[in-house]
Structure formats: structure tokens, C-alpha cells
Amino acid sequence: MFRALKTHALVLLCTVVAAEKTACAEPAAPSAMVTGIQGLNTVPTARMDAPGTFRAGVSTSDPYNHAFLGMQIAKPLYVNLRQSMEISSVGERPSMVYPGLDMKLRLKEEGRYMPEIAFGMNGALGHKRFSSEYFALSKRWYDWDFTLGAAWGRLGSAGHLKNPLARISSHFEEDRDYGGHDAASPSDWFTGNEIGFFGGVEYTTPVKGLSLKADFNADAYTGETSSFDFKKPSPWSVGFNYSPKDWVSFGMSLIGADKVMARLTFQDNLFGWNKTKSYKDSEAFKFDARRSDATWRHLAREMAETENINMGKTRVKDHDFSGVVHMNDYQPSTLQIGRTARHLAANAGPEIETITVIPVTKGLRGKAVTFSRRDLEQAMARGTGSPEEIWQDISFADDNRSITQKTRVRRIAFAPELQLSLGEEDTTHLYRSSLLIEERKEWRRGLITGSSARLNIADNLHRLTKYRDLNLDSARSDAAAFTMNRVNLDRAFLTFMRTPLPDFHMAVTAGYLEEMYAGYGGEVLYRPFDSPFAIGAEGWAAYKRDPIAPLALGIWDTSPRFTGHLNMYYAVPGTDVTAFSKAGKFIGGDIGVTTGAMMRFDSGMKFTGSVSVTDAKEKDVFGKDRNLYAGIQLSIPLGSVKFVPEGSEARLKFAPIGRDDAATIDKPYDLYDATEPTSYRHLARNWQGVLE
């Protein structure tokens, strides 16, 4: 083995030396290992993607095909959903499926002398077959990037050193059964009689987008050798990664002397993804710095309407001209606030020195934003000011004036939706595609009505009934039944939203809440304007709908199911990331906690990743307990596409389908999301839009 490793290392070195010598090339394009996490061929590195990077791909390496998708949620955290399918050959139908959730957390960034350090977990959730915990260190030296790591579980199953944690407790000496079908759980973390070491190197060649990789691992393939006739390969691999474009990469490697790994991945950074927006661009009113001889309150509103700005009541008081703006949910809040201020300033008399805008979203009151009129004139008419200078002089305050709308606002939008599950143990994947046509009306005094129709296009949810009973009394395991009608009424509801006290918001909703449930309920949220913390609570009485009835309008179960949660949020400073935790009772009666993170992008794109833990242990098809579930949701705005209504979006949902445990109501409106456009964090990070 060592002779073979030495021979291949020599071949790799000769290839590198023969390459044209240049000055230190740019670092290699980020690329994934065989299971999707950024790494070499068969082992991870400590490297991370840029925040906002989304990656999806497929790979094959005997005896598995892998499908994966992941997201760099924040600068130090990457999350990867993976489905590994046991195969006899690449094109064969899989005999077993092993879903899992992998993650990597950066502990320390690379310094001049210090390596980058990361902690990772493979199969933290999902099946135990691929479960591992590891620490990785990576250090770049010119065109070379070296990695060394130590692993527990599968990545360290070859065993090079006795598990150091065994000195703390004998629990950590217990070996994992990789050949069974048990789900991974926290009790497995860092267990195993021994740990193993891995490492490798990546060389950035002079050829743009091409890098060479070599690594060694400590994977003993215990699960495979104990379950079927499998010859494990030698622990080394050599290969390459080629990225002809930033958004695609292809990799191939020789593992041992007789196995080949091939991988294809697609990736893009969603922070810079401005190909589509939630609204159509329009040119702002050209501001004239000459002050009018009087304050024209009605003219300001009429001019704002031409730019789709819904300005409400205006008032002149103490040299201040102010107005309420009822903001839509597809244009950036800073753009709407800035254009409202522009129209107020353009129609203010000579004695007006400040301009105040009171933003309202769906009946929820934000802080009044007061501008210096002179700053607006300098920036909008003379071009000598900037958003930063405007920000320095603005002030925020509570304003209790009436915010009643005089006109009703109506919006129609389209939402193509794809649901995909890579977390199934009895089938390779589940999918469902549909098209929603949504209508919303905002009435006076915070009343909102909404309805939507769902056109079922295609799905393979019939696979749910192969091993599982179709039970309409369940929480969500009858998902396949809701695809039988070509068209269903998805939602039809009435919502009342109000801000009765500063920073305290409430919402009450009744009707057809979502595709599977009708009912009523409400939510409250306390979100201090200048604090990153927020806390709230919600409760719902839900009635199961009849999927066989026309448009699914019937009620299957007239006995309500009660569900409720205590919600806590933390807006991570300096980012658009919000961490959240929700604890309470799910629809199926189980008790548990959901934690995760959500992000908003400048383009209007939204991302949410979450993990739920519940006390109910649903049995999988192997008769094993499962009580942890993970999911990712991504919405991509389509409102800037020609002929598509503003506010339209494509929705991608990657989560288990038809699971009864950890089931929550898909409520029409979320208070935290509704108040985000007027939060201090959001305004500060997106203030450049005030002059658009």
C-alpha cells in the first residue's frame, strides 16, 4: 500500500514540476469532496465558501451514488443535505438509501502562521452509515493547500489512535454499527474505540480553473464489508477538479488502484445573484431643488401614485412635512421610503426643514424616519450628497397618528413551487411540482384577505404508499392524497394585523390556512427596534381538510388539533442572518424544538434552513426511531421578468415529505418576516436604496 502511495505521489509531483512555472496563481476555485462538503477527493478540508454560496451536485464512487445540495448560511457555517444510494453499478436502481445532514463550522480563520481550523459532522442527522465527526486544519503555501485532520466515526474507522475521550467516559468507547439501519443521534457523536487521521494537498495549476488533488483517508468501509461482498480500496486517492466557469465544476479521481470517483457540481453566490428581482425597475421622479411657495399635501400623494407608492395621510407641523407610506411587500423598503421622502420634499413649502416618513407594512407600524430636507436636496437634486450623509442626520421615533388606508390595495402573483426530499429511507427521492396563483387585498384598518389556487403539475408521491399506510387522520403522511385533484384551493383567509404598542405586533388569522388545514389562530411579537433580540408566541386550532373533496374544500376531521410555539429570534450583527428557535407543540401532538437560520438577499431572495427535534419517535420503514428532521427553503423573486406580476417568486423546498412528526402550520403571514423591512438592521444594511 505504501509503495503504491509513494509511486502515485511521485507521478503527481512530476506532473506538477513539468507544468509551466508562473508567479503564485489565484487560489483554486472552491470544490466539493465526493459527498458535497468542500474538500479534496474523499476527505474534507477546513475551507469554507463565501457566505451565500449555494451548491448542488451528484457524484458516484463504488458502491454509492450521491446527490447533495448545501448552503453557506453564514461566514462560519455550511450545511449540506445529502442522499447516498447504494448501487451495484452507476445506472442500476439503488438497493438501499441513506439520507443525511452534514455540516461544517469554522473555528478559526487562516492567519500568517496559523492554519484555518474547522469542525465538521457528516451524517449528524440521518442514517448512521456515513456518520463522522472531525477537526480539519488547512494551510496555504503559494499554490499548495495542505490539509490534516482527525476523525471519529466512519472517517476515522481505520483507527490510528485510541479515542482520547474514552478517558472521560466509557460511553465514548462504544463502536457504531455502520452495517445496520439505525438513525444517527447525539449519543453517537465522538464514539468509537479509536480515531483516525486524514490529510492531503491541492495544487492550483497554471491552467485557469484546474487544480490537482491527492489525499489519504481513514475510512475502513466497515458497513459495506459487513453487509455484502465488498473489497475496500486502498486509503489514498489522486485526482483533479476543473471549473471552466464559476458556476460549474467537474472532478474525477482514482481511489486506491481500482475505483474511480466522478463528481459534477453547480454553485453560485446568491448574494450577487441579481438576475431577477421581486419588482420591475422604474426611473425615480426627477427632484427639483427649487422650493415651492406652499406645501401641496394632495399633490405629493398624487405624484407618489405614479411610481406605485401608496402614500396615506400627510401632515404639516412644526416645520415638518410628514406622510404615511403603506409599503408593498415586493419593492425594497428603503426604495419606498426614499421615494416617499422625495415627493414630500418636492411639494413642501419654503418653511419646511424636515421630512418625516411613517412606514407601514400590512398594517404594522414602523418607526417614523425623519430626514433633513437639506440633505435630500443635496443628494437628489445637486448630486453632492450620499446615502451615508443622509443616514448620519436621520432620526427614528414613535408616531401614533392614524395609519388607516383610504384605498384598497390588491396584488396578484404567481409562485411555481418545487418540493424535493432527499431524506427518505425507502425511496431515492420524492418530488412535487405545482403552480400557485395568489391574490391578496389590503383593506382599511389592518384587514387583509388572501386566497390562492394550486395547480398540481407532477409528482411521485405515490411512493409514499408503498411502505406507509395512507391515513387521513395523520398530520402530514397523507400528502399523496392532496395531489389527486388537479386543482385545489390552497388558501382563503382573513387576517387582522396591528401594532397596538411601540415594538409590539399582533396578528389574528382565520380560514383555509394552508393546503392541508383550515382553522384559526394568532401570533404576537415583541421586537425592540434597536435590539437584535425578539420574542413572540403563536397558537393555532387546526382542522384537517378533505383532500378528495372538490378543491379540497371539505373538512375531514371536525375536532381541532391545537399547536403552539414560543418563538425567539436573534439578528446576527453585521449580517442579514437571523437565528431562531421555536419550542412547543406540533400538529401531531408531539413536543419539540425547531432551530435554524434565515437570510434575506438584496435581490429579494430568501433562504431558511432549520432542524427540528421532537419527543415522538416515528418509526421508519426499517422499524427504527427517527425524531430529528432538517429542511431548506429558498424563494427566488421573479417579479422583474417580463409579463410576470411583481411579487411573483419561485419556491424551492428541500425537506422530508409526508412526515407526521415535527409538523407545523404553514401560516399565511409570519410576523417577524413582516416586520423585517422596517427593522433597524434591515434599513441600515440596505440604506443605499434610499436614493434609487
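Residues numbered from 1 in each chain as written. Predicted model: local features only at pLDDT ≥ 70, side-chain atom pairs only at ≥ 80, totals over all residues. Heavy atoms only, no water.

A closer look at the overall build of the chain
- Helices and strands together make up the secondary structure of the chain, namely 9 helices and 32 strands.
- Over its C-alpha trace the chain gives a radius of gyration of 28 Å, about what one expects of a compact globule, namely 26 Å for 692 residues.
- Oriented by its inertia axes, the alpha-carbon framework of the chain measures out at about 90 × 70 × 50 Å.
- Residue burial in the chain is summarised as follows: out of 692 residues, 56% are buried.
- At a minimum sequence separation of 6, the contacts of the chain that also span at least 24 residues come to 60%.
- Of the accessible surface of the chain, which amounts to about 29,800 Å², a share of 58% is contributed by carbon and sulfur atoms.
- Considering the chain, the positive charge centre built from 83 side chains and the negative charge centre built from 83 side chains are found 3 Å apart. (Helix = DSSP H or I, 4+ residues; strand = E, 2+ residues; numbered from the N terminus. Rg over C-alpha atoms; globule rule 2.2 N^0.38 Å. Buried < 20%, exposed > 50% of the residue type's maximum accessible area, 1.4 Å probe, protein only. Contact = heavy atoms within 4.5 Å. Areas by Shrake-Rupley, 256 points an atom, 1.4 Å probe, with all protein chains shown as cover. Lys, Arg positive; Asp, Glu negative; His and termini not counted. Charge placed at Lys NZ, Arg CZ, Asp CG, Glu CD.)

Description of the side chain of D557
- Here D557 shows up in the loop between β26 (533-544) and β27 (561-571).
- Engagement of the side chain of D557 in a polar contact is seen with the backbone nitrogen of S559, the distance being 3.0 Å. (Polar contact = N/O pair within 3.5 Å; in protein donor to acceptor, adjacent residues only side chain to side chain.)

Here we look at unusual backbone geometry
- In this structure, P63 follows D62 across a cis peptide bond, with omega equal to 15°.
- Relative to the assigned elements, P63 resides in the loop between β1 (53-61) and β2 (64-74).
- Despite not being glycine, H319 has its phi angle at roughly 60°, a positive value.
- Position of H319 among the secondary structure elements: in the loop between β14 (311-317) and β15 (320-327).
- The phi dihedral of D503 falls on the positive side, at around 70°, and the residue is not glycine.
- Tracing the chain through its elements places D503 in the loop between β23 (487-501) and β24 (504-512).
- When its relative accessible area of 18% is taken as the criterion, D503 is described as buried.

Things to note about the confidence of the model for the chain
- Mean pLDDT over the chain: 88, with 92% of residues reaching 70 or higher.
- Long-range and interchain partners of residues 1-23, a stretch whose pLDDT sits below 50, account for 18 contacts in this model, where long-range means more than four residues apart. (pLDDT = per-residue confidence, 0-100.)

What about the pattern of salt bridges?
- Throughout the structure, instances matching the rule amount to 48 salt bridges.
- Here E377 ties to R373 by a salt bridge, and the two come within 3.3 Å at their closest N and O atoms. Linking E377 with R373, this pair stays in helix α5 (residues 373-382), spanning 4 residues, or about one helical turn. You'll find E377 and R373 in the same group, each marked buried.
- Across the pair E676 and R681 runs a salt bridge whose closest N-O atoms are separated by 3.1 Å.
- When its relative accessible area of 13% is taken as the criterion, R681 is described as buried.
- Three or more residues are tied together by salt bridges with common partners; here these are E417, R432, R454, D490, R491, E515, K653 and D666. (Salt bridge = Lys/Arg side-chain N within 4 Å of Asp/Glu carboxyl O.)

Let's talk about the nonpolar core
- Counting 28 residues, the largest nonpolar core has I355, F371, L376 and W687 as its most contacted members.
- Mapped onto this core, the elements with two or more residues apiece are α3 (297-305), β15, α4 (333-346), β16 (354-361), β18 (368-372), α5 and α6 (387-393).
- In terms of residues, this core owes the most to one element, α4, which gives 5 residues.
- Beyond its immediate stretch of four places on either side in the chain, F371 contacts I337, A341, E353, T354, I355, V357, L376, I390, I394, W687 and V690.
- Within the second largest apolar cluster, 26 residues are counted, among which are L420, A597, I636 and A650. (Core = buried A, V, L, I, M, F, W, Y, C linked by side-chain atoms within 4.5 Å.)

A look at the side chain of D546
- In this fold, D546 is placed in the loop between β26 and β27.
- Buried within the structure, D546 lacks any salt-bridge partner; its nearest side chain of opposite charge belongs to R545, at an N-O separation of 9.1 Å.
- One polar contact links the side chain of D546 to the main-chain amide nitrogen of I548, over a distance of 3.1 Å.
- Ignoring sequence-local partners within four residues, the contact set of D546 consists of A552, G554, I555 and W556.

Concerning the packing of aromatic side chains
- In total, this model carries 26 aromatic pairs according to the counting rule given.
- Ring centres of F119 and F190 lie 5.8 Å apart, and the angle between their planes is 15°; this geometry places the pair in the stacked category. Taken as a pair, F119 in strand β5 (residues 116-126) and F190 in the loop between β8 (161-162) and β9 (194-204) lie far apart in primary sequence, 71 residues in all. Each member of the pair F119 and F190 is classed as buried.
- Counting every residue linked through ring pairs, the aromatic cluster contains F371, W391, F396, F529, Y680 and W687.
- Sitting over the face of the ring of Y672, R527 holds its NZ or CZ atom 3.8 Å from the ring centroid.
- Above the face of the F580 ring, K582 is positioned so that its terminal group lies 5.7 Å from the ring centre. (Phe/Tyr/Trp six-rings, centres within 6.5 Å; stacked < 30°, edge-to-face > 60°. Lys NZ or Arg CZ within 6 Å of the ring centre and 35° of its normal.)

Quick look at a nonpolar patch on the surface
- Together, V58, W247, F250, M252, V260, L264 and F266 make up an exposed nonpolar region whose accessible area comes to about 600 Å².
- Those elements that place two or more of their residues in the nonpolar patch are β12 (248-255) and β13 (259-269).
- Per-element tally for the nonpolar patch: the top contributor is β13, with 3 residues.
- Taking the relative accessible area as the measure of exposure, V260 reaches 45% and is therefore partly exposed. (Patch = residues over 30% accessible without salt bridge, like charges linked within 9 Å, V, L, I, M, F, W, Y side chains within 5 Å.)

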